[in-house]
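Breakdown of the fold
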Amino acid sequence: MHSTQANQINAYKSPNGKIKTEIIEGRFVLAEELKEGSLISIFNENGAVLEQIRSKKGAEESLRNYEAGKSLNIIDSEYKSIEINATCPKCGKKSIKRELDLVDTKKLKEVPLVPIYVCTSCNHAFYSLTKDYLRKLVNEHLDLFSDEELKEMKTNEEDFIKELNEYIIRMFASKKLMRIEIGK
């Protein structure tokens, strides 16, 4: 199902109010209501989160703002849940879901900064964090870093992101939360 016009995007609304766009150029966008405001998540075609944006506005208005300049055609049917192209490293089944798809997001005030995924067969939880997403997080939260760390980042951003990623891996490992490879 692809748009007939270049500036038109089809989006499908679920019964619980989630709105997901069609895949365009390997990406799609999901807007979902939270207790306060909404969350816009940008995914690649394999179901990995590339970016998350919080908004104080409702899901539909936030999605329209995100897709500014394009005509958004919202269809109140045909919504299909997000398919995650990953196999559970614990049980070997292809039953990975995004944690936020397993709860009523309208009851959530906060969402995890790092996307969490769950195997619906064995209930094991995982995290997924692409380097691009980590880079965006860093740039959105520069206030969390010391002047020395910021200087190091400006000197060699790739090494800085790599080192930060290694810290994150150790932190999640200590919580027994493994990384899952999506789309591999």
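The paragraphs below set out a description of the structure included in this document. (Residues numbered from 1 in each chain as written. Predicted model: local features only at pLDDT ≥ 70, side-chain atom pairs only at ≥ 80, totals over all residues. Heavy atoms only, no water.)

1. Quick word on the overall build of the protein
Here is the rule: Every helix listed is a DSSP run of H or I at least four residues long, and every strand listed is a run of E at least two residues long, numbered separately from the N terminus. With the radius of gyration taken over C-alpha atoms, the globule rule is written as 2.2 Å times the number of residues to the power 0.38. Any two residues having at least one pair of non-hydrogen atoms within 4.5 Å are treated as being in contact. Only four residue types enter the charge count: Lys and Arg as positive, Asp and Glu as negative, with His and the chain ends excluded. Charge positions are represented by NZ for Lys, CZ for Arg, CG for Asp and CD for Glu.
Within the protein one finds four helices and ten strands. What you see in the protein, going N to C, is helices and strands ordered as β-β-β-β-β-α-β-β-β-β-α-α-α-β. Computed over its C-alpha atoms, the radius of gyration of the protein comes to 17 Å, within 12% of the 16 Å expected for a compact globule of 184 residues. With the C-alpha coordinates aligned to their principal axes, the bounding extent of the protein is approximately 50 × 40 × 30 Å. Put simply, 51% of the contacts in the protein that link residues at least 6 apart link residues at least 24 apart. Of the side-chain charges in the protein, 30 are positive and 30 negative, and the distance between the mean point of each set is 5 Å.

2. A closer look at the packing of aromatic side chains
As a reminder of what qualifies: Note on ring pairs: Phe, Tyr and Trp rings are taken, using the six-membered ring of Trp, and paired if centres are within 6.5 Å. Classes follow the plane angle, with under 30 degrees stacked, over 60 edge-to-face and the rest tilted. For a lysine, the NZ atom is tested; for an arginine, the CZ atom; a charge sits over a ring if that atom is within 6 Å of the ring centre and within 35 degrees of the ring normal.
Inspection of every chain in the model, using the stated rule, returns three aromatic pairs. Residues Tyr 127 and Phe 172 carry aromatic rings whose centres are separated by 4.1 Å and whose planes lie at 20 degrees to one another, so their mutual orientation is stacked. Separated by 45 residues along the polypeptide, Tyr 127 in strand β9 (residues 125-127) and Phe 172 in helix α4 (residues 157-174) bring together distant segments of the chain. Against the face of Phe 28 rests Lys 20, its NZ or CZ located 5.5 Å from the ring centre. Seen from the ring of Tyr 79, Lys 20 lies directly overhead, with NZ or CZ sitting 5.6 Å from the centre.

3. Regarding empty space enclosed by the protein
Stated precisely, the cut-off is as follows: With a 1 Å grid spanning the protein atoms alone, the term cavity applies to any set of points in which a 1.4 Å probe fits but cannot get out, the term pocket to an open set with protein on both sides within 12 Å along at least five of seven lines, and the term lining residue to any residue with an atom within 4 Å of a point. Grid points are joined across faces, edges and corners, and a volume is the space filled by probe spheres set on the points. For this scheme, ten residues count as nonpolar: Ala, Val, Leu, Ile, Met, Phe, Trp, Tyr, Cys and Pro. Four count as charged, namely Asp, Glu, Lys and Arg, and the remainder, Gly too, count as polar.
With the rule as written, the count across this model stands at one cavity of 30 Å³ or more. Here the largest cavity defines a volume of roughly 50 Å³. The wall of the largest cavity is formed by Gln 52, Arg 98, Glu 99, Leu 100, Pro 112, Val 114, Pro 115 and Ile 116. In terms of residue class, the lining of the largest cavity is made up of five nonpolar, one polar and two charged.

4. Some details on a negative patch on the surface
Stated precisely, the cut-off is as follows: A patch consists of residues whose relative accessible area exceeds 30% and which take part in no salt bridge; residues with like charges are grouped when within 9 Å of each other, and nonpolar side chains (Val, Leu, Ile, Met, Phe, Trp, Tyr) when within 5 Å. Values of accessible area rely on a 1.4 Å probe in the Shrake-Rupley scheme; residue burial ignores everything except the protein chains shown. One side-chain nitrogen of Lys or Arg within 4 Å of one carboxyl oxygen of Asp or Glu is enough to make a salt bridge.
Side chains of Glu 148, Glu 149, Glu 152, Asp 159, Glu 163 and Glu 166 sit close together on the surface and give a patch of like negative charge. Counting residues per element, the ones that place at least two in the negative patch are α3 (147-155) and α4. Here Glu 152 lies in helix α3.

5. Some remarks on the pairing of strand β8 (residues 116-119)
Filter applied, for reference: For the exposure calls, accessible area comes from a 1.4 Å probe over protein chains only, and a residue counts as buried if that area is under 20% of its type's maximum, exposed if over 50%, partly exposed in between. Pairing between strands requires that DSSP locate at least two bridges from one strand to the other.
Side chains of β8 alternate between two faces, with Ile 116 and Val 118 and Tyr 117 and Cys 119 buried alike. Across three bridges, the pairing between strand β7 (residues 96-98) and β8 is antiparallel. Looking across to β8, one finds that Lys 97 is bridged to Val 118. Strand direction decides the pairing type here: β8 and β9, joined by three bridges, are antiparallel. Each bridged residue has a counterpart across the sheet, and for Ile 116 the counterpart in β9 is Tyr 127.

6. Section: the packing of α3 against α4
Helix packing geometry: the angle between the two helix axes and the distance between the axes. Threshold: Under this scheme, a helix contributes an axis fitted over its contacting stretch, all axes are lines through C-alpha atoms, and angles between N-to-C directions fall in the 0 to 180 degree range. Each angle is binned into one of four classes, with values under 35 degrees roughly parallel, values over 145 roughly antiparallel, values of 65 to 115 roughly perpendicular, and all other values oblique.
Relative to each other, α3 and α4 sit at 125 degrees, their axes nearing to 5 Å. Compared by their axis directions, α3 and α4 come out oblique. Between α3, through Glu 149, Glu 152, Met 153 and Thr 155, and α4, the contact on the second element is made entirely by Glu 157, Phe 160 and Glu 163. Taken together, the residues that form the contact of α3 with α4 break down as two nonpolar, one polar and four charged.

7. Focus: the environment of Gly 47
Along the polypeptide, Gly 47 turns up in the loop between β4 (38-44) and β5 (49-55). Of the residues examined, Gly 47 reaches a relative accessible area of 0% and is grouped as buried. Expressed as a C-alpha distance, the spacing of Gly 47 and Asp 159, which sit 112 residues apart in the sequence, is 27 Å. Aside from chain neighbours lying at most four places away, what touches Gly 47 is Ile 82, Glu 83, Ile 84, Tyr 117 and Ile 182.

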